[in-house]
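# Notes for the structure review
Residues per chain, in single letters:
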Amino acid sequence: MLALTVPLAACGETVIVGSLETTTTTSSTVPPPPTGDISDLLNQLAALTDGLSQVVTDNDRTEGERRIARAEEIWTVLEPQIREAGVDLVEEVRSVIDLIATSVNRRRPADGDKAQRFVDLIIESVPGL
């Protein structure tokens, strides 16, 4: 709302017309950092690939960027766990994250589908983790 200041020459006073109150509402939903074991984190990564090709097709950059950022957050937690477990999955999981980014950044829905297929294959190949 706009406040208007009007000087009154006759009485030397300032009169404020209108409300001085302003209301600003901001809503930010920042998800908590990813947690869990390798299996949990791979499933979280898989959830990001679900419907990714449609997000790209719809040109929803905000959602696409959100998914890339979340995938990188998951990777930050997941990579050390994979290395510690001595499982040879570092390159494979990194390639899924790269496909998510490529899908969004280069507008390639097929890369989103590939990311989904690859992460599902990784999950199936390591049921014991």
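See above for the structure.
Overview of the structure. (Residues numbered from 1 in each chain as written. Predicted model: local features only at pLDDT ≥ 70, side-chain atom pairs only at ≥ 80, totals over all residues. Heavy atoms only, no water.)

### A word on the overall build of the chain
Rules: A run of H or I in DSSP counts as a helix once it spans at least four residues, and a run of E counts as a strand once it spans at least two, with each numbered from the N terminus. Burial classes: relative accessible area under 20% of the type maximum marks a residue as buried, over 50% as exposed, and values in between as partly exposed (1.4 Å probe, protein chains only).
Summing up its helical and strand segments, the chain has five helices and two strands in all. Mapped in sequence order, the helices and strands of the chain form the string β-β-α-α-α-α-α. Burial analysis of the chain (129 residues in total) assigns 30% to the buried set.

### A few points about unusual backbone geometry
At Asn59, a residue that is not glycine, the phi angle is positive and equals roughly 60 degrees. With relative accessibility at 39%, the residue Asn59 sits in the partly exposed group. The residue Arg107 is not glycine, and still its phi comes out positive at about 55 degrees. Along the polypeptide, Arg107 turns up in the loop between helix 4 (90-105) and helix 5 (109-125).

### Description of the pattern of salt bridges
Test applied: For this analysis, a salt bridge means a side-chain nitrogen from Lys or Arg found within 4 Å of a carboxyl oxygen belonging to Asp or Glu.
Throughout the structure, instances matching the rule amount to nine salt bridges. The closest approach of N and O atoms between Glu65 and Arg61, which form a salt bridge, is 2.8 Å. Here Glu65 pairs with Arg61, and both are found in helix 3 (residues 61-85), just four residues apart, close to one helical turn. The partner of Glu79 in a salt bridge is Arg83, and the shortest N-O contact between them spans 3.0 Å. Here the residue Glu79 and the residue Arg83 both occupy positions in helix 3, the gap between them amounting to four residues, near one helical turn. You can call Glu79 partly exposed: its relative accessible area is 24%. Residue Arg83 is classed as exposed on the basis of its relative accessible area, which comes to 52%. A single network of salt bridges, built from pairs that share partners, joins Glu63, Arg66 and Arg67.

### Brief notes about helix 3
Residue pairs three or four apart in sequence face the same way in an α-helix, which turns once every 3.6 residues. Definition in use: Each helix should span, by expectation, one fewer than its residue count multiplied by 1.5 Å. The seven residues ending at a residue and the seven starting there each receive a fitted axis; the angle between those axes is the bend at that residue. Only heavy atoms enter the contact rule, under which two residues are in contact if any of them lie within 4.5 Å.
Here helix 3 spans 35 Å end to end across 25 residues, near enough to the 36 Å set by a 1.5 Å rise per residue. Along helix 3, the sharpest kink reaches roughly 30 degrees, centred on Val77 and followed within four residues by the proline Pro80. Where helix 3 is concerned, the buried positions are Glu63, Gly64, Arg67, Ile68, Arg70, Ala71, Ile74, Trp75, Leu78 and Ile82. Contacts from the buried residues of helix 3 go to helix 1 (38-49), helix 2 (52-57) and helix 4. Gly86, located one to two residues past helix 3, shows a positive phi value of around 70 degrees.

### Digging into helix 5
So the rule is basically this: Regarding the arc, it is the one traced by the directions from the helix axis to the C-beta atoms.
The terminal C-alpha atoms of helix 5, which comprises 17 residues, lie 25 Å apart, in line with the 24 Å expected from a rise of 1.5 Å per residue. Among all positions in helix 5, only Asp111, Gly112, Ala115, Val119 and Ile122 are buried. Taken around the axis of helix 5, the buried residues stretch over an arc of 105 degrees, which confines them to a single face. Exposed residues on helix 5 whose side chains face more than 90 degrees from its buried face are Glu124 and Ser125.

Geometric values such as these leave the question of function open.
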